[in-house]
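Report on the structure
Listed below, chain by chain, are the residues.
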Amino acid sequence: MSKHTPGPWSIYEEEDAPWTSIWIDAVVGQDCCRPLSLTVAKLEDYDRTAMRANAALIKASPSMYAALKAVLDDVGDLSILSTDVFQAVKDALAEAETP
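Only a predicted model underlies this, so the values are computations on that prediction, with no experimental measurement involved. (Residues numbered from 1 in each chain as written. Predicted model: local features only at pLDDT ≥ 70, side-chain atom pairs only at ≥ 80, totals over all residues. Heavy atoms only, no water.)

1. Points about the sheet that holds strand β3 (residues 35–45)
Quick reminder of the rule: When DSSP locates at least two bridges between a pair of strands, those strands are taken to pair. Helix numbering and strand numbering both begin at the N terminus, where a helix is a DSSP run of H or I of at least 4 residues and a strand a DSSP run of E of at least 2. To define axes, lines are fitted to C-alpha atoms, for helices over the stretch in contact only, and angles between the resulting N-to-C directions are given on a 0 to 180 degree scale. In this description, contact between two residues means that some pair of their heavy atoms is separated by no more than 4.5 Å.
Strand order in the open sheet made by the 3 strands is β1-β2-β3, with antiparallel pairing throughout. Edge strands, defined here as strands with exactly one partner in the open sheet, are β1 (9–16) and β3. Within this sheet the neighbouring strands show an average axis-to-axis angle of 25°, counted without direction. For strand β2 (residues 19–30) and β3, the ladder comprises 10 bridges, and the chain directions are antiparallel. Looking at the pairing, Ile24 lines up with Ala41 of β3. Across the face of the sheet, helix α1 (residues 48–75) comes into contact with β1, β2 and β3 while running at roughly 160° to β1.

If you want it as structure tokens, here you go:
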């Protein structure tokens, strides 16, 4: 089982021309007045388009992992998927579970 920080994750962007910083954060608790967050990733670059696309992919990681895990759990070893697709799902999960 993966020990990643549970989702959902959110994106916060700060522009300081020409540089952009993007943080991907997860809410991990609550104090008296506000949610407590943990930075999962921070991206910095001049290429805002690629960085925003990468941030969206990182943000989606917890839900994509859960979806792939559900597919594998649902089909088990008697896969209705093609052998290549089934192996790709297993490989992606193994990659996510290996630090």
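This is not the end of the story, as more comes after the structure.
2. Looking at the packing of aromatic side chains
The line we're drawing: Centres within 6.5 Å are what make two rings of Phe, Tyr or Trp a pair, Trp counting through its six-membered ring; a difference in plane orientation under 30 degrees is then read as stacked, over 60 as edge-to-face, and the rest as tilted. For every residue, the accessible area (1.4 Å probe, protein chains only) is compared with the maximum for its type, and the residue is labelled buried under 20%, exposed over 50%, or partly exposed between those bounds.
Inspection of every chain in the model, using the stated rule, returns 2 aromatic pairs. Ring centres of Trp19 and Tyr46 lie 4.6 Å apart, and the angle between their planes is 85°; on these two criteria the pair is classed as edge-to-face. Here the residue Trp19 occupies a position in strand β2, and Tyr46 occupies one in the loop between β3 and α1, the gap between them amounting to 27 residues. Judged by its relative accessible area of 29%, Trp19 is partly exposed.

3. Brief notes about the side chain of Asp25
What counts here: By the counting rule applied here, Lys and Arg register as positive and Asp and Glu as negative, while His and the ends of each chain are not counted. Whenever Lys or Arg places a side-chain nitrogen within 4 Å of a carboxyl oxygen from Asp or Glu, that contact is recorded as a salt bridge.
Within the secondary structure, Asp25 sits in strand β2. As a buried residue without a salt bridge, Asp25 has its nearest oppositely charged side chain in Lys42, at a separation of 10 Å. Not counting chain neighbours up to four residues away, the residues in contact with Asp25 comprise Pro8, Trp9, Ser10, Ser37, Leu38, Thr39 and Val40.

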